[in-house]
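Spelled out, the chains give:
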Amino acid sequence: MSTLISLKNVDLCYASTAFKERSLKTALAKLFSVGKEKVEVQDIKALKNVSVDISSGERVGLLGHNGAGKSTFLKVVAGLYPISAGTRSVQGIVRSMFDLSLGFEPDATGRENILYRGLLLGLTPKFMRGIEDEVVAFADLGEFIDYPIKTYSAGMLVRLAFAITTAVGGDVLLLDEVIGAGDANFMVKAKQRIRELIENSEVLLLASHDFVTLRATCERGLVFHHGELRFDGPMEESITTYKRLNGLA
Amino acid sequence: MAGSYFRGIWAARHFWVHLAMSDLRSRWRRSFFGILWTLIQPLGMTLLISFVFSNLLNTPIKGYAPYILSGIVVWDFVAACAVGGSLSFVQADAYIKQYGHPLAIYTLRTVLTNLVVLLLASLGLVIWVLLAMPENFGWPWLAALTIFPIVALIMWPTSTLLAYVATRFRDLPYAMTLILQAMWFVSPIYFEAKAFRNGKLDFLVDYNPLYHLLQIVRAPLLQGEWPTAENYAYCFGLIVVLSLIAWVCGRRAEKKVIFYL
């Protein structure tokens, strides 16, 4: 098994200048309000010294409280965030599902949006026409596939997005708490789909708070706590560690 | 490094072409005249301005109106790219946060959208000139076509540069309007070059890249002449300088943009 993802001593820092309010209003307010101490905004260390190796075929679940660094970790793997220290090496094509309504045009039909989202993923129109029928069948939206997607419910959007993202494959699939949004019927299909993707020796990274999903899909767990990777091992022990760290057990 | 960046842009070509097309579609959605507005807008403006100015400055309207129209058409492109371009990254934040495409594709989208508008608007100019000054028609008109790649290659790095800065400093788009107005005022865009020369402001013409850029259209269409080598030299110089600045700025800013969205 080859190592697809390798992170060594990775730090990631959000510079406070990025979210500090720098408007003229605040500057003026500061001048005239003497004595009132405001909370000093500081740089955020979202990941601290994280080292992970992930090989092909692995299904890895990410656990941690809100703000523990799960999503940041996924975005580092996806190559979206520049790391402040350490080394990152990711081989293969990364597919991510962070924001599901992204790349959808509300006025266009579901069918047109399959094409648009494919283009966003860097695919060619020709390739997308080739897989269109398969995506339509998987999303199973009936006649709604030819309706503008502004008429869709949240669950229908998820189904369409999931169908497209997973149909085009990729070596590394990144999911951020999105898997639970379909109905029960769709969940069965979705899990089947993910299982197929894994069988084609691809990596899945899933950030979730749902232990049932995590137990069912992942055998390895990474537990994040305040930006540190506190545990890396079998899923069952990861859940125990997560509960202990957060005072749940 | 430059190679891989441009390969990334090329690889995403279907995506940014789609974005530009969808911008164009949504721009004219649900309007009665739709795409015709790109023609009506500059023509209406030209009629108004040339009527006032030709009376005010005692210039014959026949030659002055196409001069203004050419100025409006090109200047609208420059202004739209500068203002729209500076907002390109902010507007595309949802895409940037999810996919690591080279950021320059989002300014390319803005430039491409406006280039289509420019193409349509110049049709109005060509027709006007053909009707008003048919004697100017000839081979030099081929040179006028070079305005499209040149102005696009000038505005792509410019809007990319502005977008890097505007993502960090959100005041820029507002300041941009002011800067553009100042540039407009000191350039022979609506005012004739000879008005500047009469006022001993020759340097605002001779060293003004905007003048040379506009000459690429004006020399062939309005005078029936080829643009000079100097005109082209200024344009290419501008392309090189702006591209270099954008590249140097991008090397530092490209990866950090996502934090500021």
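This structure is a prediction, so every number in the text was calculated from the model and none was measured.

Time to look at the overall build of chain A. From N to C terminus, chain A includes eight helices and nine strands. Residue pairs at least 24 apart in sequence account for 73% of intrachain contacts in chain A once pairs closer than 6 positions are excluded. Accessible area of chain A: about 11,900 Å², with a carbon and sulfur share of 54%.

Moving on: the pattern of salt bridges. Residue and element names in this part refer to chain A. Going through the model one piece at a time under the given rule, you end up with 14 salt bridges over all chains. The closest approach of N and O atoms between D146 and R111, which form a salt bridge, is 2.9 Å. Pair noted here: D146 is in the loop between α4 (125-139) and α5 (154-167) and R111 is in helix α3 (residues 110-120), with a separation of 35 residues, a long-range link. A relative accessible area of 45% places D146 in the partly exposed class. Since its relative accessible area comes to 27%, R111 is described here as partly exposed.

Size of an interface: often given as the accessible area lost when the parts come together. Residues and elements named next belong to chain A. Assigned domains within chain A: domain 1 (3-92 + 207-245) and domain 2 (110-201). Contact with domain 1, which involves 16 residues of that partner, is made by 10 residues of domain 2. Taking both sides of the interface into account, the surface hidden between domain 1 and domain 2 amounts to around 1,200 Å²; carbon and sulfur atoms contribute 67%. Counting every contact that joins domain 1 to domain 2 gives zero salt bridges. Linking domain 1 to domain 2 there are one residue pair in polar contact (both at pLDDT 80 or more). Where the side of domain 1 that touches domain 2 is concerned, the elements lending two or more residues are β1 (3-14) and α2 (70-77). When its residues are assigned to classes, the side of domain 1 that touches domain 2 shows six nonpolar, eight polar and two charged.

Contacts between the two partners involve 29 residues from chain A, matched on the other side by 22 residues from chain B. Taken together, the elements giving at least two residues each to the side of chain A that touches chain B come down to β1, β5 (94-97) and α3 of chain A. Element by element, the count of residues in the side of chain A that touches chain B is highest for α3 of chain A, at four residues. Partitioning the side of chain A that touches chain B into residue classes produces 16 nonpolar, six polar and seven charged.

Residues and elements named next belong to chain A. Residues of β5 alternate between two faces, with V94 and S96 on one and R95 and M97 on the opposite face, all of them buried. Pairing analysis gives four bridges linking β5 to strand β6 (residues 172-176), with the strands arranged parallel. Paired with R95 across the bridge in β6 is L173.

Take the packing of aromatic side chains next. In the structure shown here, the tally under the stated rule is 25 aromatic pairs over all chains. Measuring from centroid to centroid gives 6.3 Å for F144 of chain A and Y152 of chain A, while their planes differ by 90°, and the two rings are edge-to-face. Seen in terms of ring centroids, F53 of chain B and F191 of chain B are 5.9 Å apart; in terms of plane orientation they differ by 10°. Their pairing is stacked. With a gap of 138 residues between them, F53 of chain B in helix α3 (residues 37-56) and F191 of chain B in the loop between α10 (172-185) and α11 (193-198) connect regions that are remote in the sequence. Classification of F191 of chain B by relative accessible area gives partly exposed; the value is 23%. Taken together through their ring pairs, the aromatic side chains of F53, Y64, Y67, W184, F185, Y190, F191 and F196 of chain B make up a single cluster. The ring of Y67 of chain B is capped by R218 of chain B, whose NZ or CZ atom sits 3.6 Å from the centre of that ring.

Residue and element names in this part refer to chain B. It is the contact of helix α9 (residues 147-168) with helix α14 (residues 229-253), at a shortest axis distance of 8 Å, that shows an interaxial angle of 30°. Taken together, the axes of α9 and α14 are roughly parallel relative to one another. Helix-helix and strand crossings are classified by hand; for α9 and α14 the assignment is left-handed. Every residue of α14 that contacts α9 at I150, L153, I154, P157, T158, L161 and Y164 is listed here: Y232, C235, F236, L238, I239, L242, S243, I245, A246, C249, G250 and A253. Its residues assigned to classes, the contact of α9 with α14 comprises 16 nonpolar, three polar and no charged.

A word on a nonpolar patch on the surface. Residues F32, F33, I35, L36, W37 and I40 of chain B make up a contiguous nonpolar surface patch of roughly 630 Å² in combined accessible area. Within the secondary structure layout, W37 of chain B lies in helix α3.

Residue and element names in this part refer to chain A. At N9, a position not held by glycine, the phi torsion is positive, near 45°. For N9, the location among the structural elements is in strand β1. Within the chain, N49 stands out as a residue other than glycine whose phi angle is a positive 50°. By secondary structure assignment, the location of N49 is in strand β2 (residues 44-55).

Helix length check: α9 of chain B (22 residues) gives 32 Å between terminal C-alpha atoms against 32 Å at 1.5 Å per residue, within 8%. With 18 of 22 residues buried, α9 of chain B is to be regarded as a mostly interior element.

Counting residues in hydrophobic clusters, the biggest one holds 113 residues, and the most contacted among them are L160 of chain A together with F77 and Y106 of chain B. Sort the elements by how many residues they give to this core and helix α4 (residues 61-86) of chain B lands first, with 13 residues. Counting contributing residues, this core receives three or more from each of domain 1 (3-92 + 207-245) and domain 2 (110-201) of chain A. When neighbours within four sequence positions are excluded, Y106 of chain B is seen to be in contact with F15, L19, S88, F89, A92, Y95, I96 and H101 of chain B.

For the rest of this paragraph, the subject is the environment of T87 of chain A. All names here are of chain A. Residue placement: T87 occurs in strand β4 (residues 85-90). As for T87 and G227, which are separated by 140 residues in sequence, their C-alpha atoms are 17 Å apart. Discounting residues that sit within four places of it in the chain, T87 has contacts with S6, L7, K8 and V10.

Averaged over all residues, the pLDDT of chain B is 89; the fraction at 70 or higher stands at 100%. At the level of chain-chain contacts, confidence expressed as ipTM amounts to 0.78, with global pTM at 0.85.

Right, let's talk about the pairing of β1 of chain A for a bit. The side chains of a regular strand alternate, residue by residue, between the two faces of the sheet. All names here are of chain A. Strand direction decides the pairing type here: β1 and β2, joined by eight bridges, are antiparallel. Bridge pairing links C13 to K45 in β2. Summarising the sheet, β1 and β4 pair through five bridges and their orientation is antiparallel. Bridge pairing links D11 to A85 in β4.

How each quantity is defined
Residues numbered from 1 in each chain as written. Chains lettered and ligands numbered in written order. Predicted model: local features only at pLDDT ≥ 70, side-chain atom pairs only at ≥ 80, totals over all residues. Heavy atoms only, no water. Helix = DSSP H or I, 4+ residues; strand = E, 2+ residues; numbered from the N terminus. Contact = heavy atoms within 4.5 Å. Areas by Shrake-Rupley, 256 points an atom, 1.4 Å probe, with all protein chains shown as cover. Salt bridge = Lys/Arg side-chain N within 4 Å of Asp/Glu carboxyl O. Buried < 20%, exposed > 50% of the residue type's maximum accessible area, 1.4 Å probe, protein only. Domains from an automatic or database assignment. Buried area = accessible area lost by both parts, 1.4 Å probe. Polar contact = N/O pair within 3.5 Å; in protein donor to acceptor, adjacent residues only side chain to side chain. Nonpolar A, V, L, I, M, F, W, Y, C, P; charged D, E, K, R; others polar. Pairing = 2+ DSSP bridges. Phe/Tyr/Trp six-rings, centres within 6.5 Å; stacked < 30°, edge-to-face > 60°. Lys NZ or Arg CZ within 6 Å of the ring centre and 35° of its normal. Axes fitted to C-alpha atoms, helices over the stretch in contact; angles between N-to-C directions. Parallel < 35°, antiparallel > 145°, perpendicular 65-115°, else oblique. Left-handed = near helix turned anticlockwise from the far one by under 90°. Patch = residues over 30% accessible without salt bridge, like charges linked within 9 Å, V, L, I, M, F, W, Y side chains within 5 Å. Expected span 1.5 Å × (residues − 1). Core = buried A, V, L, I, M, F, W, Y, C linked by side-chain atoms within 4.5 Å. pLDDT = per-residue confidence, 0-100.

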